[in-house]
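The chain contents come next:
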Amino acid sequence: MSSQATPIQGSRPVTPPLTSAGSPRSPVSPESLRPPACRHRDRSPSPMRGYLIPSPLPTRRNRTSSATARASEGPAFTGVCKCFSRSKGHGFITPSDGGSDIFVHISDIEGEYVPVEGDEVSYKICCIPPRQEKVQAVEVTITHLNPGTKHETWAGRVVSG
């Protein structure tokens with residue numbers, strides 16, 4: 001009987017294993033089967049991270065230049081700040097001529113103060129896509145600070161009004 005492997009009819013040829021001390025390392029070693037070390041990625045703490053959709057409201061950064069031009073050319077309106085949340089980044093203005101409240105985004109506030117309830121403001125309006133049915137206030141400036149309230153600057157300094 002010979003020491004070489006003989007193929008069996010209908011099967012593949014069998015190769016003898018490499019077992020000698022001087023033989024090269026097998027290409028399939030336990031070290032080569034380990035997955036590569038991966039970098040640790042910081043994840044967002046929000047459990048809803050994968051479910052959040054981008055806001056459809058156009059901010060100053062993503063508003064088209066034509067919409068900005070139309071708003072700049074339009075008339076200026078006056079109103080009173082109904083509410084504004086710096087942490088949420090938006091608020092509402094009650095128009096002085098009546099009507100429903102108008103949305104205002106933090107990126108559209110001009111000037112050095114964060115608006116608070118009761119501040120008189122002037123603003124222009126811009127349509128909100130996609131249907132252009134609703135409007136939001138743009139180029140919002142505080143014309144009169146609400147007396148007797150504390151105002152905060154964008155830098156964080158508190159000023160008594």
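Going by what an unreviewed UniProt entry lists, the protein is known as CSD domain-containing protein and is assigned to Zoarces viviparus.

Enquirer: Sorry if this is basic, but what is going on with the pairing of strand S3 (residues 102–105) here?
Expert: Within a regular strand, side chains alternate between the sheet's two faces. Residues of S3 alternate between two faces, with Ile102 and Val104 on one and Phe103 and His105 on the opposite face, all of them buried. Bridge count between strand S2 (residues 90–95) and S3: 4 bridges; the pairing is antiparallel. Directly across from Gly91, in S3, lies its bridge partner Val104. Linking S2 to S3, which pair antiparallel, is a turn of 6 residues; within it Gly98 sits at a positive phi near 90°. One ladder, built from 2 bridges, connects S3 with strand S5 (residues 134–144); its direction is parallel. Paired with Val104 across the two strands is Ala137, which belongs to S5.

Enquirer: Just checking my understanding: could you explain the sheet that holds strand S4 (residues 120–128) for this structure?
Expert: Strand order in the closed barrel formed by 5 strands is S1-S2-S3-S5-S4, and the pairing between neighbours is mixed. For this sheet the average axis-to-axis angle between neighbouring strands, irrespective of direction, equals 50°. With 4 bridges connecting them, strand S1 (residues 77–85) and S4 associate as antiparallel partners. Its bridge partner lying in S4, Thr78 is registered against Ser122. Seen against the sheet, helix H1 (residues 65–73) touches S4 and S5 and runs at an angle of roughly 140° to S4.

How each quantity is defined
Residues numbered from 1 in each chain as written. Predicted model: local features only at pLDDT ≥ 70, side-chain atom pairs only at ≥ 80, totals over all residues. Heavy atoms only, no water. Buried < 20%, exposed > 50% of the residue type's maximum accessible area, 1.4 Å probe, protein only. Helix = DSSP H or I, 4+ residues; strand = E, 2+ residues; numbered from the N terminus. Pairing = 2+ DSSP bridges. Axes fitted to C-alpha atoms, helices over the stretch in contact; angles between N-to-C directions. Contact = heavy atoms within 4.5 Å.

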